[in-house]
Amino acid sequence: MSVFTPLERHELEAFLQPYGLGRLKDFQGISAGTENSNFFISLEGGEFVLTLVERGPRADMPFFIGLLERLHQAGLPVPYAVPTQSGEALRELAEKPAILQPRLAGKHVSQPNAHHCAEIGSWLARLHLATRDDILERRSDRGLDWMLEEGPMLALELHDEQLPLLRDSLHEVAELKARILALPRANLHADLFRDNALFDGNQLAGVIDFYNACSGPMLYDLAITLNDWCSQADDSLDLPRARALLGAYAALRPFTTREAELWPAMLRIACLRFWLSRLIAARRFQGRDVLVKDPNEFQRRLAQRQHVAVALPFAL
Ligand SMILES: Nc1ncnc2c1ncn2[C@@H]1O[C@H](COP(=O)(O)OP(=O)(O)OP(=O)(O)O)[C@@H](O)[C@H]1O
Ligand SMILES: N[C@@H](CCO)C(=O)O
């Protein structure tokens, strides 16, 4: 299970007291996450999730809190940091940045249908529309430069037959970097996988886990999302789901010609990002009781995306 920082009841009770939300009834570590420590917290005053942020600089916490507050104000279903009675939203527990958020209803969907994908496409367009005119700047710590730095080092750990795919992909990043950075920008979720969305039946109940959020090209967010929501068991794209996601997105924010041109490459670059980050996680947590997702899944997807059959709809 992925609770990196276990908590004792007494330290939790002391931490929760300033919220004025009543007695602690129950708490439980959440095994699902891979990056942060999360706990379901049941208080007399309601159900909450406590997150201890394990990765990334503390200086970024006001960005996450500010972005979630803005999205909450814009009516998007997201968790947000609950303040204490004296107005403190960002706190510290066990020497980690800590925030308490309302627990959202709903369940993760592991086998999405076209309707789920359309809901996700609309949500992503709403995120981008709510932020593109006044972007909260944050450079991704898993961005293009990071790929170009980490890729060659990780190559040393790969088998020979994996190297051409990695080398070609890094070459594509270097070649297209300037054009990608010139694409239309907004705030990105940058990790909108199925395990970061909660559904109530076919209805999207909320999107969680903004700890990879950043500013950047909107098309990159779409590629990350599509690669997870619309991949089939053989890692190729499922066309009806992909068209539903892209169509719902484009109905709210039409794509530009430049975005349409870079779309196939963007899908590949989004695969590379998670291939590399999963290789790093696999090395870091080897032999530990931590959920590590399979890096090879994204190697296979990267290989599959060398030919992309799903064009962007409605390119201007
Ligand atoms: N606000 C919330 N409401 C309901 N459930 C939540 C909430 N926040 C987190 N969870 C639950 O906790 C689990 C782990 O949370 P989260 O995805 O944020 O962790 P993580 O370690 O950052 O994971 P990863 O980066 O691997 O997606 C989620 O899958 C979800 O089940
Ligand atoms: N969603 C990521 C993990 C958290 O960033 C992955 O599937 O590799």
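Look a little higher up for the structure.
As a starting point, this report considers the structure included with it. Fair warning: this is a prediction, and the values are worked out from it, not measured in the lab.

Once that is clear, we can look at the site of ligand 1. Thr34, Glu35, Leu104, His108 and Asp209 are the nearest of the 20 residues found near ligand 1. At 2.9 Å, a backbone N or O of Asn36 approaches an oxygen atom of ligand 1. Contact distances for ligand 1 include 3.0 Å between an oxygen atom and a side-chain N or O atom of Asn196. The residue inventory of the shell around ligand 1, partitioned by class, reads nine nonpolar, six polar and five charged. In terms of domain composition, the shell around ligand 1 takes at least three residues from each of domain 1 (9–102) and domain 2 (114–304).

To continue, consider the site of ligand 2. All residues adjacent to ligand 2 are Thr34, Glu35, Asp191, Phe193, Asn212, Phe274, Arg278 and Lys293. Between ligand 2 and Asp191 there is a distance of 2.6 Å, counted from a nitrogen atom to a side-chain nitrogen or oxygen. One of the side-chain N or O atoms of Lys293 is found 3.3 Å from an oxygen atom in ligand 2. In terms of residue class, the shell around ligand 2 is made up of two nonpolar, two polar and four charged.

The subject of this paragraph is the pairing of strand β2 (residues 37–43). With six of seven residues buried, β2 lies mostly within the body of the structure. The sheet contact formed by β2 and strand β3 (residues 46–52) spans seven bridges and is antiparallel. Counterpart to Ser37 in the pairing with β3 is Leu52. Between the end of β2 and the start of β3, which pair antiparallel, lie two residues.

With a phi close to 50°, Ala94 is a non-glycine residue in the positive phi region. The residue Ala94 is located in the loop between β4 (91–93) and β5 (96–102) in this model. Despite not being glycine, Glu95 has its phi angle at roughly 65°, a positive value. When you line up the elements, Glu95 lands in the loop between β4 and β5. Note on Glu95: relative accessible area 63%, which makes it exposed.

Rules used in this analysis
Residues numbered from 1 in each chain as written. Chains lettered and ligands numbered in written order. Predicted model: local features only at pLDDT ≥ 70, side-chain atom pairs only at ≥ 80, totals over all residues. Heavy atoms only, no water. Near = heavy atom within 4 Å. Polar contact = N/O pair within 3.5 Å; in protein donor to acceptor, adjacent residues only side chain to side chain. Nonpolar A, V, L, I, M, F, W, Y, C, P; charged D, E, K, R; others polar. Domains from an automatic or database assignment. Buried < 20%, exposed > 50% of the residue type's maximum accessible area, 1.4 Å probe, protein only. Helix = DSSP H or I, 4+ residues; strand = E, 2+ residues; numbered from the N terminus. Pairing = 2+ DSSP bridges.

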